[in-house]
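Notes for the structure review
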Amino acid sequence: MSEQPARVQGIQPGLQARRLDRDQTPVADWLCACGHHERATGGIAVGMLLASVRVGHCPHHPVDTGAAA
C-alpha cells in the first residue's frame, strides 16, 4: 500500500483582509493555489501583501515557457 498525500477540500485559494476598522490591527491571509500560505499583520505588512499578490497566479511554481536557456 502506498502512502497518499493529504488533501484538504473546501478551503478556496485567495486573499482575505480583515480588521480594517479604525483602532484595529489589520490582518491579511493569502492562500496560493499551490497551498502556500502567508499571513501579514499590521498596516504596512498588510499593504505590502495586498499590493504584491496576484490571485490566480502562483509565483512558487514558475511556468515553463519551453524557451531554451
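Remember, predicted model here, so these are calculated numbers, not experimental data.

Let's shift gears to the environment of Ala40. With respect to the secondary-structure elements, Ala40 resides in strand 3 (residues 37-41). Relative accessible area serves as the criterion here: at 8%, Ala40 is assigned to the buried category. In the structure, Ala40 is positioned 12 residues away from Ala28 in sequence and 5.2 Å away in space, judged by C-alpha atoms. What Ala40 contacts, discounting residues up to four positions off in sequence, is Pro26, Val27, Ala28, Ala45, Val46 and Leu49.

What follows concerns the environment of Gly56. Here Gly56 shows up in the segment after helix 1 (43-52). With 23 residues separating them in the primary sequence, Gly56 and Ala33 have C-alpha atoms 7.1 Å apart.

A positive phi angle, near 60°, is found at Arg19, a position not held by glycine. As for its position among the elements, Arg19 is in the loop between strand 1 (14-18) and strand 2 (27-31). The exposure class assigned to Arg19 is partly exposed, which follows from its relative accessible area of 44%. A positive phi angle, near 65°, is found at Asp23, a position not held by glycine. With respect to the helices, strands and loops of the structure, Asp23 is situated in the loop between strand 1 and strand 2.

Another point: the sheet that holds strand 3. Strand order across the open sheet formed by 3 strands is 1-2-3, with antiparallel pairing between neighbours. In this open sheet, the two edge strands, each paired with only one partner strand, are strand 1 and strand 3. Going from strand to strand, the sheet's axes swing by 10° on average, the running direction of each strand aside. Note that strand 1 and strand 2 share 5 bridges and pair antiparallel. Directly across from Gly14, in strand 2, lies its bridge partner Leu31. Relative to strand 3, helix 1 is tilted by about 140°, and along the sheet it contacts strand 1, strand 2 and strand 3.

Thresholds, definitions, all that
Residues numbered from 1 in each chain as written. Predicted model: local features only at pLDDT ≥ 70, side-chain atom pairs only at ≥ 80, totals over all residues. Heavy atoms only, no water. Helix = DSSP H or I, 4+ residues; strand = E, 2+ residues; numbered from the N terminus. Buried < 20%, exposed > 50% of the residue type's maximum accessible area, 1.4 Å probe, protein only. Contact = heavy atoms within 4.5 Å. Pairing = 2+ DSSP bridges. Axes fitted to C-alpha atoms, helices over the stretch in contact; angles between N-to-C directions.

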